Structure formats: C-alpha cells, structure tokens
Amino acid sequence: MIKFVLMVNRQGQTRLSRYYQPVELGKRAALEADVVRGCLYRKKEECSFVEYKDFKLVYRHYASLYIVVGITESENELSVYELVHNFVEVLDKYFSRVVSPIMFNMDKVHIILDEMIQNGHVVETNHSRILAPLSALDTLAHS
Amino acid sequence: MSDVVERTLTALPSLLSSDPSPGRPSSTSKLGTLIRGITELTSKHDEEKLIQRELVSIKEQVSSPNTTMRQMKELMVRAVYCEMLGYEASFSYIHAIKLAQQGTALDKRVGYLAVSLFLNESHELLLLLVNTVLKDLQSTNLIEVCMALTVVGQVFPKDMIPAILPMVEEKLNHPKEIIRRKAVLALYKFYLIAPNQVQHIHSKFRKALCDKDPGVMSASLHIYLEMVTEKPESYKDLVVSFVTILKQVVGGKLPIDFNYHSVPAPWLQIQLLRILSLLGKNDRSTSEMMYEVLDESLRRAEMNHNITYAILFECVKTIYTIHPKAELLEKAAKCIGNFVLSPKINLKYLGLKALTYVVQQDANLALQHQMTIIECLDHADLIIKRETLELLFRITNGQNVKVIVEKLLEFLRHSKDDYVTIDLGGKVTELAEKYAPDNSWFIRTMNTVFLLVGDQMQPDIPNSFLRLLSEGFESAEEDQQLRLLAVDSYVSLLQEQPARLPQRFLQVISWVLGEYSSVKEGLEPATVLRLLAPLLDLRHCSSETKSWVLAAMTKLSAGPACLSVAQELAERHGGSLDTTLRQRLHELQHLASDGELLRRVLPCSDGLEPLEVDSTLSFLDGFVSEALAAGAAPYKPPHQRQEELAQEKALSVEPYGLSLPLSLSSSSIAGRLSPTVLSMSSGLSGNSTELSPKGGSALRLEGVTRVWGKEGYLAKAALKPEEAAKTEVPCPLSVLQEGGSAPRTPVVSLPAPAPGPSLQAEREKQQLASCLFMGLGSQGAAGPCLMGKAEPTRHGFRKKVKGQGSSSGARGPSGDSASSSPSPLSAQSAMDNLLCSSPLDSGSTPSPADSAPSPADSAPSPADSATSPADPAPHLPHDLPANNRPCDAQEDLTEDTDTSETVVEGNSVAVVDPYDPEPLCLSPHLPEELCGLPRSEIRPLCRDASLVLSACCVRTDHSSLLVVFVSNASDSAARRFALQMTSGDLEVSRVRGGPEEEEEHVEGHSVAVYQYSLVPTRPSVHMELAGRASYQRPDGEPQSTPFSYGLSLPDFIRPLSVSTEEYGRLWLASSNDIKQNLALLSQEPDPLRATLHRLRDRLQLNVVDIIASEGIVACQLLQGPPCLMHCRLNAGCLAVWLRSSLPELPDCLLYHCQRALAQH
C-alpha cells in the first residue's frame, strides 16, 4: 500500500504532502528531509525506486518538481511509478486552463489526489471520473 | 514511457513550476505569496519566523466574525500549508470543521479537506463533524453527498459509525455511479477500522461487486482484497467472478476512458491479480480456474510500456504463488528473464525483485541468469546491488555460502546506512550459523560481523553466538575446536589493537576468554589477565564492558601471578568513581588471593548442568518486605520508570502498539526481562552475577525461532537500538557458571587468523558465478535454504535445541488450565450429591459462614467442601451485594431445618423472613440440560404460607439463566401462579413456556421450575433483580409476595479466547482503561501464574499468555464487548491495566478482581 505522497521542489522544500498512515507532525519534517535526500541527488540513469528503512520510495521528476511516493514492500513499484504519471496527466488536464502555478492551488491538487488515492490504495484512475467532482464544483462557482 | 506522452508533457514544466516565473504577473493568491516567500528564504530560522508571523495573522483573521466563508477557505489552505511544513496550527482545526459545516461548494470541500488533513481518526474534534456529515448525506445536492462520503472514506470516528451506517448503506442503491462508488469506499473504510460493524452487509458487497458500473465494482475489490487476505477460504466461490471480470478487462470490454496509455484499466488488473493469487495459493482446483485468464494476461501485456510491465510483474507473482502449472511457469520465467536483461534500470530492478521472489520455488531460474546477476552485483547503482544481495541471500546453501557471505560483507564494509548495516549483519550471521563450512570460517566471519556492525548490532547476535559456543553441538571434539579457535583469534585480536574493537565485541571476547581460555594448552591465566587488563584503561570502554572484563578476570584469577595482576589493577582503579567497578575489583582481589573460595564460588565443572536459579529472587522477599515496612519506596524496574515518565509527559505510549508483537518474539523476551536483570546485577552486590536468571525464561533462547526469516528482520531492526542497550548483560552472566575452567597451562602466542577467505577467483566473473551458484538447481543435492531441502553440510550451527524455558512456558496456559482444574461436570455431579445429602449432616457443622471459605479446614462438612474455593470451577462466585445476604446465609444448607418446617406446617405466617434457610433439596429439580453447568447455590427468594421460592443462576456459554424453583409444600395447588421480574441493569426474559404473564398452577407437594434468561444492559458491580410472585390461594384470595435477587458481574463474564495477536489488536481498539495495583498471591511458588489462575477460576477470565513477569488476560461481557487485562509483576504487587470499549466494564471487573484475590 501507499504510505504517503510528497511533492517537493528542487530545493527540497515540501509543496504538498499527504500521509495515509499516521505520522506525528513533529516527525514529518525529518522524514521528508530524509526522503528528499534519498531521491533528489540520484542520477537520471539510476533506478527510480529507493529503499528507505523498511519501506520503499518511488520517485519521479518533472521539471522543478519531484513527486515521491512511499510504499510498502508488497506494493508494485512500477504501477506506482505509472500512477504518479497518471496523477500528473490529470493535473495537466485540469490546470491547462489555469494561469498561476499549480502549487498555488494546493487545495485543488489535494482534491484531485483524494479522488485517486484513499487509505493508501488506488481508488480511481479514470481521468474524467477523477475530475468530475472538482469540475462540478467549478461549474457551481461560475454559475 | 511512450514518447507520445513525453511530448504531451513538455508543456507541463511551466505549469508545475512553483517558483516564480519571471515574465508572469504575480498571482494575487495569498498562498502564492506565502509560497514565494518561503521559496526565497535560505535559512530554516527565517522560515520559522515567516511561518510564525503567518500563523499569527491567520489566527487573528479566523476568529474575526467578519471573515466570510470564501476568506475562511483561503485561510484554511494557508493553515494547511503551514502545518504541512511542520508548524502546528491547531487553532484552525475547529474552524476547518466550521467551514465544512457552513461553507458551500468549493469552500465546503476545502473545509472537509482541511479536516481530513488536520485530524486523525482519534481526534476528539472529529465528533463535531458527525452532524455535518449526516446533514450532507441527506442533502439533495449530489456534490454535497459526494463530499460527505469522501471525507467518511478518509477519516471518521469509529464510535460514530452506527450513526451514519444506514445512510451510507442506502447510498449503495443510488442511481448515480459516483455516489455508489463513494459509498462502497466509505464502507471499505469502516471495514478497515471496525470490521464488525459492517459484518451484516457482506451481501451488499457482493452486490457492489456485480454492479453494472466498472468503477463501483473496482471499489468493492478493495474490500474483497482485505477480506480475502484475512480468510481466503470463505471467498472461493467468488473466484469465477473475479476471473470473469479480469477476462473482460483484459479483453478490452471496459469503456475506453478506463484505459491508461491504451492499456485497459491496469490498476484494476493488478488488483484482481492480487486477489486471485491469494485465492489460488495452495489450492489446486481454484488455481486451475485461473490458468486461462493468467495466460491471456501474459499474452495481452506485450506492449512496450511501463504499465504493461507492472501488470506482467503482478502476473508473474501470481503464477508463482498459486498451484503451479508448468506451461505458465515457463512463460513467467521468460518474462522475468526479459526484465532482468532489460537495459531499463527500473525493469532490471523489478526483474531482480521477481527473481528473489521466485528462487524459493525455482532455483534454476537464478542459474539461468547467473551472468546478469554477477553484473548486477557490480552495478553502479547501490539499489540494484542491494537487491542482488537480497537475491543471493535467498539462494545461499552449504556450497556457496563462503562466496555469498564475502559479497555481503563487502557491501557491509561500504555501507553508510545504519539500517542496511544492521540488516546485513543479521543476514550474514544467519547464513554463518546455518551453513558454516568449518569452524575457523565461522569464527572469522563472526569476527568480521562484530567488527563491522559494531554496537548497533541486534542484541541477540552476540547472545546466540555465545550460547552456541557454550552449548556446542553433538560432538564434544568439535565444540572444543570451536572454542579453541575463538580463544586463539581473540588473543591475537587483543594483542593487536584492542582500542578499535566495538564494545559488544569486547564483551564477547571477555566472556569467551574468561570461560574457555583454559581450552588452549599453554595459555596461562595470568597472560590472559594481562591481555584483558589494558581494556580497563580504554577511554571508550563503557563501564558495562568493564564489568564483563572484570567478570572474566575473576573467573581466571588463580595463582600468585594473577594475584599480582589483581593487586596492580586494584591500585590503579581502586579510586574509580564507578562503584560497580570498585566492587568487582574487590571481588577479583579477594578471590585471587583465596583459591579455595574461588573454587567454591566459581566451581570448575565442565558439565553443562543448567543451574536452577530463582529468577524471581523470592528468597529476598523477607528483606524487601522489611525494607518496605521500614518505609522504603517500592522498587520499580527501569522500563516501568521510563513508562511512567513517558506517561507523565502525556506522550502516547501504547504498550501493545509496538512492544507487544516484539515481546512475543524470541529476542525480545530477553529484551523485556533484561532491564530487571540489568538493574539486578548493577544494583545488588557483585555476587548477584550468580543469581542471574540462567533458569529464567528470559535468556532461554533455544527452541525459539530466529527473528528474521525470508523477509529479513526488516521491521524490527529499526526498533532495536534501545533494546540493544538493555540486553547486553544477561547472556554471559547467565552462562557464567556453566563451563568452569579446567587445567591451566602455559601460553603460546598465536598467529593472527586471516581476516577473510581470499578470493583470487573474484576477478573472473565466470568463476565467481560457478561459486555463487554452486549447489543450485537440479544437479545440486543441496537446494537453496528456503526450499526446505535437507542440508548436506556438517554444521547446522543452530540445530541443537536444548531446554525449553520461555517458549513453552509462555504458550502453556491453556494446557495448564486443562490439567489443573477438575472437570466441571464431574465436580458438579459430586456437588449435587453433597448438596442433597447435606441435611443429614446438619448440626454437625458449626457456623458455615466461617468454615466455608477455608479450604484447609480439617473437618469440613460435605457442603463446605463443595463450596470451598478449593474447587471453584463449578461455582459462580458470589460476591455479597447487600441483598445477597441469602447467599451467605445459604451456604448453610446445613443449618437446622426445624424452623422452616414449622413455617410450612404452621401455615400461618404470611411473609416470613425471606432470608431464612432453605430446607429443601432442590438440585434434582434442575432441568436436565442445565445439570453439570456451573451455577450458584440455590438460595431462597421468599416464602409464604404455602410456597417457597428459591433460585440459582446457571451459566452457559452464551447466556446466564436464572432458575426459579417454586415449591408448594401445601396440599392444595397454588392457582394462577405468575412471576414478574424487572431490573434496571438486566434484561429479563422467560426462556421456556409462554409469555411471562401466563398463569399457571403449582400443584400441591410439587416443585415448578421457571427459567429466565438474563442479559446485562450495562455492566455494574452488583445487579439486582426485583420480582413478585402472585397466585391465588385455594380460598380464592389473591396472594402476592415480593422478592429480590442479587447478582454480580462475574455471573455475566465469560472467558474470551483470543490469540495474542488478536489481543494486541483488540487492545488498541479499546479506549477506556483503568490501572491499579492488586494484591499478589505471593506465597505461591509462581505468584503471577497463581494469581492469574485464581482470577481465571473465580471470574472466568481467560489467561491468554504469560511471558516472564507479564500476563495478558481476556474476558467478555455476556453478549457484550471484551475486556482486556494486562498484568505485570511490580514490587510485590500485580500492576493491572484494564481496557474495554465499554467505559464501566474495567471498573467493575477490577472490583471483582480485588475481591477474588482478597478472599483466601
């Protein structure tokens, strides 16, 4: 299962985090710093999966943004790797109309993520279905 | 990844860029400003200042009444951002709930979002959300329903599930797919946090599985994966459905928008494959149903895209998990081959992972890819290298162990990650113990492990290593050789550079030299002493290690040469501030000068007679109680002190969260006990070494499985370090006396052993391969270790299982109970006889109230012995509520019968004292099916001119029955007899016959029996039942007699049989707790066991497990929730900690525990 999803910029600052297993607030910063260290400085030709303590990290790099997902040993790394890409595609689809950077709309990114992953499991991957609730809210706001 | 996608994403970077882009006008969003501000900062300190300022301003605005919901939303997003960076924003939690409640559309959604990010399941504020959720679930606005269901699926208070469950269930029939889907996901959440609550709707899950919408169907698979994992055999009938669904998905029957890069619903496929693998495991016929669809999945997934590889990987795993089919295995193997050989690094990794998984069944596959594996072993990417080592670890056998261990050690030498170091250290040790080809290799390898892993090592590694040395194997010759080799290598290590040796290693060395240096011919004890002495001067040498060193020296100190060393040491370190050190020095000096005493204190015996040691130190009880009487504070072991300290700080300390599973594993049995041991050896005089719990369960690790198995000991290693600190002392101390020192002879200095096997062949990959894969595959007689084939190697360094202290003891309670208590049935019938005959003995017994509770009474009447606590099993313990006086008084079936007879005969008194003794022998009237069940004594309820009412409480497994006997001693029938009973604490219902009001007749000189089932509505210490018996006298005069009957909680307590794991889960699930110290039955030889068994016998509790000084006990309220009890010996008391989901239950039960232990 998925333990957490992190979005981190190139400087290692967290832009978004969602934990699916409780982690104390005080321990998150240290964990995130560790995770960033584990992923950010890897070379492009190196493996996208990293072992970290008793779980694994799957990361993907888009422009100045890294998306890192913590998963348990039993999870399928490659499927999570592609899930990240699916997530990015959905973001792309939704925010293509938006002018300001995506991270300034953190709430909506969260809403999209919540549609895709719940309790550490992939619950929806169909783009239009993921975006349906959010689009409905937007329509409501504009009408 | 396909190139097409890459291209479509080229536009993305600019969008995702969160850094301010130069040409673009700055966003007006306040979050944007905040994010920019933070991005520009360089120091952590500046960040903190900025965020604190931000939080202050948010706090001001949220509490202002003029803030609109739109603004509130903006503020919440910022608060979430601050908290995400690690700065608590708890003031905003309540506002997030308010926003969810009062906002509309997106504002409301953000309110819910903030709640789900801020609060965890157990947060009390979450209760405030329940009403909002309820309201939104009823809303006509689908978007609001959707939001409510989303948040329910993320975070919801467990206790409030019943409040919304019906509404969520209702949504399963909603016409909109998204609502149905979200409802299923909400139920999935309920299943995760409270499986019992949704047990009744399993049929609805099936309906969801068959939903016409693929989204709803796939949502239901989450629940099924969970349920199938837990209990695969219950869902075998669904295999056809899962197979059909997978077939349709693979066949492209889903709408096109479920595709991801033209692959149909890949994550859904993966989910289905996981479920199938669970269902097909070890089940041939079920597996056969899957072969076709698995074959098709393999065939279809041929497109060159990551996601198809992800599916293939899952497919391969499934094929290797279920009952094998040659054809499929072949294809899967080919698939793995493609992965391993792929130039794409991610695929290579996956291939290695698959290979690691698969070699357990097919070692040949590793053989096929040996050259690739060799290449991976030298791969630049450490992750790949590490995965390869994991694979090698699995294929190790007696023939390739040397090469593989060398590879592991090589990685270990360069590892900078503590976690990896500890993990690999454990693995090397495991392999060395299992497959060591010879003694000298074993010693060399272990030396390297001790050196490389150092003090972060798992504490059980040195422990088991020393045990191995001391207990040996089947051949005494081998044992001596092993010890000799160890002594040799340690002597040379000490001669070289002792300063760089880790503490753990120094301790091991000291112990071995102290114990076995005599094995080496010509090694003078004084020489060893001189080697050990400099260790005391080392600056980094901990005082604990020094104790080990001195203990070793003391064992060796015979003869004048030693005395001089001892005196030298005493002079040099006599002024040390460390009292333990000084104490040991004194002992050393004293024993060195008195050979006779030394032989007596540390007798030389080569026999390995395990010593019987009183690990509970019960012989000190007198001393302790004197000290306590003199006002000393009760002793608390360090771990408890820590615990209490932690509790004071209000940290969440869940003893069963982490430590329970640990405390049940072998290593931690030692770990849990050791603090006591440690404090003992440091707190008492040096002689306490001899008291160490050789016989105590803590250190008996034999016969206990090792911590790490196929998966390595991953999870636990992270938790070890603190335990490591605790477990150090016990082992060697425990063996201190085991082997004595035999003849002592002069020294020969020895050449240092080579640090590792030289691997000339290393350069030649081919040769390496042949080494690595030796013994693999069909030609090798020795299969890889995990295949479970017989091992041809000489040594299984751990095959010897001697003794069985803790493990068997800990698992024993059920057996104990079976043997120790008499069968309730036979005892019951015996009691019946006794009760019946009791009137004959009347008068012969003095006051029964006095004699009854004393089991030791020299001349007990039959009735007394039946009611004495000596055989409590068939009895219901009755504790004296005020109205229970009949119970006490009634222990006197023996009392003279004259009075009552007069009453009956006299036929004059209307209502006599209801507490008068009961003369009649009623037990034969007990309904047949209730005979033999445990019950209370029959005691009188009330009587009048013609009728006598008596009652007893009978306990069956699933109910408590009140049996009322109506004896009509008169000649005429009591007409229209009726009983009415009510109780505030109990639900009373008539068991047999018609409604309660039904009128019946009780004929003259007969006994009518009525049964009522009692169910407690809420637990309470004592429960009272008020009733009224009414009937018509022969003359037609209506007659009515009130009565009352007292019951106590134990009448409604049933043992709860759970496994220790379930107990741990239940413990965490129970919220109401209470702690108290109880009296201990300290006269018993094993006070803990005796006390718990007393509770078991008196209160029908189930003793789940007893480990060392702790025990866990479980029971259940009749038709109610469980109550768990954790007990620990503590300073002559039993520290108990009760938990239940019902607030009153622990309290009430505790009261009865106190009573049960107070009565002797």
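Residues numbered from 1 in each chain as written. Chains lettered and ligands numbered in written order. Predicted model: local features only at pLDDT ≥ 70, side-chain atom pairs only at ≥ 80, totals over all residues. Heavy atoms only, no water.

## What to know about the overall build of chain B
Threshold: Here a helix means four or more residues in a row that DSSP labels H or I, a strand means two or more in a row labelled E, and each is numbered from the N terminus. Contacts are residue-level and defined by heavy atoms, with any inter-residue pair within 4.5 Å sufficient.
When you go through chain B residue by residue, the secondary structure sums to 51 helices and 17 strands. Summarising the internal contacts of chain B: among those between residues at least 6 apart in sequence, 71% fall at separations of at least 24.

## Some thoughts on the overall build of chain A
Note the cut-off: Per-residue and other accessible areas follow the Shrake-Rupley method at a 1.4 Å probe size, with only the shown protein chains counted as cover for residues.
The number of helices and strands found in chain A is 4 helices and 7 strands. Of the regular secondary structure in chain A, the N- to C-terminal order runs β-β-α-β-β-β-α-α-β-β-α. Taking contacts inside chain A between residues at least 6 apart in sequence as the whole, the part at least 24 apart equals 48%. Accessible surface, chain A as shown: approximately 4800 Å² in total, 53% of it carbon and sulfur.

## Details of the interface of chain A and chain B
Threshold: The term buried area means the drop in 1.4 Å probe accessible area that two parts suffer when joined, counted for both and summed. Between Lys or Arg on one side and Asp or Glu on the other, a salt bridge is scored when a side-chain nitrogen of the former is within 4 Å of a carboxyl oxygen of the latter.
Contacts between the two partners involve 73 residues from chain A and, on the opposite side, 82 residues from chain B. Carbon and sulfur atoms supply 58% of the area that chain A and chain B bury against each other, a total of about 7000 Å² over both sides. Counting the surface chain A buries against chain B, the share from its top three residues, Leu78, Phe104 and Arg129 of chain A, is 10%. Run the count over chain A and chain B and you get 10 salt bridges.

## Looking at the nonpolar core
Operational definition: Residues enter a nonpolar core if they are buried and are Ala, Val, Leu, Ile, Met, Phe, Trp, Tyr or Cys, with the set joined through side-chain atoms within 4.5 Å. Each residue is assigned to one of three classes by its accessible area relative to the maximum for its type, calculated with a 1.4 Å probe on protein chains only: buried under 20%, partly exposed between the two thresholds, exposed over 50%.
Judged by nonpolar contacts, the single largest core of 283 residues is most densely connected at Ile112 of chain A together with Met553 of chain B. Each residue touching Ile112 of chain A, except ones within four places of it in the same chain, is listed here: Phe87, Val90, Leu91, Tyr94, Phe95, Ile130, Leu131 and Leu134 of chain A. By size, the runner-up hydrophobic cluster in this structure holds 59 residues, among which are Leu1078, Leu1101, Cys1153 and Ala1156 of chain B.

## With respect to the sheet that holds strand 11 (residues 1038-1048) of chain B
Strand pairing in a sheet is mediated by backbone hydrogen bonds. Such pairs are either parallel or antiparallel. All names here are of chain B. Note the threshold: Two strands pair under a simple rule: DSSP has to find at least two bridges between them. All axes here are fitted lines through C-alpha atoms, helices being fitted over the stretch that makes contact, and every angle between N-to-C directions spans 0 to 180 degrees.
Spatially, 8-6-10-11 is the arrangement adopted by the 4 strands of the open sheet, whose pairing is antiparallel. Edge strands, defined here as strands with exactly one partner in the open sheet, are strand 8 (1000-1002) and strand 11. Across the sheet, the mean angle separating the axes of adjacent strands is 35° when strand polarity is ignored.

## What about the packing of aromatic side chains?
Residue and element names in this part refer to chain B. Operational definition: Centres within 6.5 Å make a pair out of two Phe, Tyr or Trp rings, where for Trp the six-membered ring is used; the pair is then stacked when the planes are under 30 degrees apart, edge-to-face when over 60, and tilted otherwise. Placement of a charge over a ring requires the Lys NZ or Arg CZ to be within 6 Å of the ring centre, with the centre-to-atom vector within 35 degrees of the ring normal.
As enumerated under the stated definition, the model contains 21 aromatic pairs over all chains in all. Between Phe977 and Tyr1010, the ring centres sit 5.5 Å apart and the planes meet at 45°, which makes this aromatic pair tilted. You can see Phe977 sitting in strand 6 (residues 974-982) and its partner Tyr1010 sitting in strand 9 (residues 1006-1016), a full 33 residues away along the chain. Phe977 sits in the buried class, given a relative accessible area of 1%. Grouping aromatic residues by their ring pairs yields a cluster made of Phe442, Phe450, Phe465, Tyr490 and Phe505. Here the basic side chain of Lys317 rests over the ring of Tyr357, its NZ or CZ set 5.5 Å away from the ring centre. The ring of Tyr1045 carries the charged tip of Arg939 above its face, separated from the ring centre by 4.0 Å.

## Observations concerning the side chain of Ser415 of chain B
Residues and elements named next belong to chain B. Put simply, the rule is: Under this definition, polar contacts are N or O atom pairs within 3.5 Å; protein pairs additionally need one hydrogen-donor-capable and one acceptor-capable atom, and for neighbouring residues in sequence, both atoms have to be side-chain atoms.
Counting through the fold element by element, Ser415 comes out in the loop between helix 23 (401-414) and helix 24 (418-435). For Ser415, a relative accessible area of 19% puts it in the buried group. In terms of polar contacts, Ser415 uses its side chain to reach the backbone carbonyl oxygen of Asp417, at 3.3 Å. Apart from residues no more than four positions distant in its own chain, Ser415 is found in contact with Val420 and Thr421.

## Examining empty space enclosed by the protein
Stated formally: Any residue with an atom within 4 Å of a point lines the site, the site being either a cavity, points on a 1 Å grid over the protein atoms alone where a 1.4 Å probe fits but cannot get out, or a pocket, an open set with protein on both sides within 12 Å along at least 5 of 7 lines. Grid points are joined across faces, edges and corners, and a volume is the space filled by probe spheres set on the points.
Scanning all chains against the criterion turns up 14 cavities of 30 Å³ or more. Here the largest cavity is characterised by a volume of approximately 300 Å³. Of all the secondary-structure elements, those providing two or more residues to the lining of the largest cavity are helix 2 (77-95) and strand 7 (121-122) of chain A together with helix 13 (214-230) and helix 15 (266-280) of chain B. Considering each element in turn, the lining of the largest cavity owes the most residues, 5 residues, to helix 15 of chain B.

## Some remarks on the pattern of salt bridges
Where charged atoms from two side chains of opposite charge approach closely, those side chains can pair. Residue and element names in this part refer to chain B. By the definition in use, this model includes 44 salt bridges over all chains. In this structure, Arg1089 and Asp1086 form a salt bridge, with 3.3 Å as the shortest nitrogen-oxygen distance. For Arg1089, a relative accessible area of 18% puts it in the buried group. Residue class for Asp1086 comes out partly exposed when judged on its relative accessible area of 36%. The residue Arg1096 makes a salt bridge to Asp1097 at a minimum N-O spacing of 3.2 Å.

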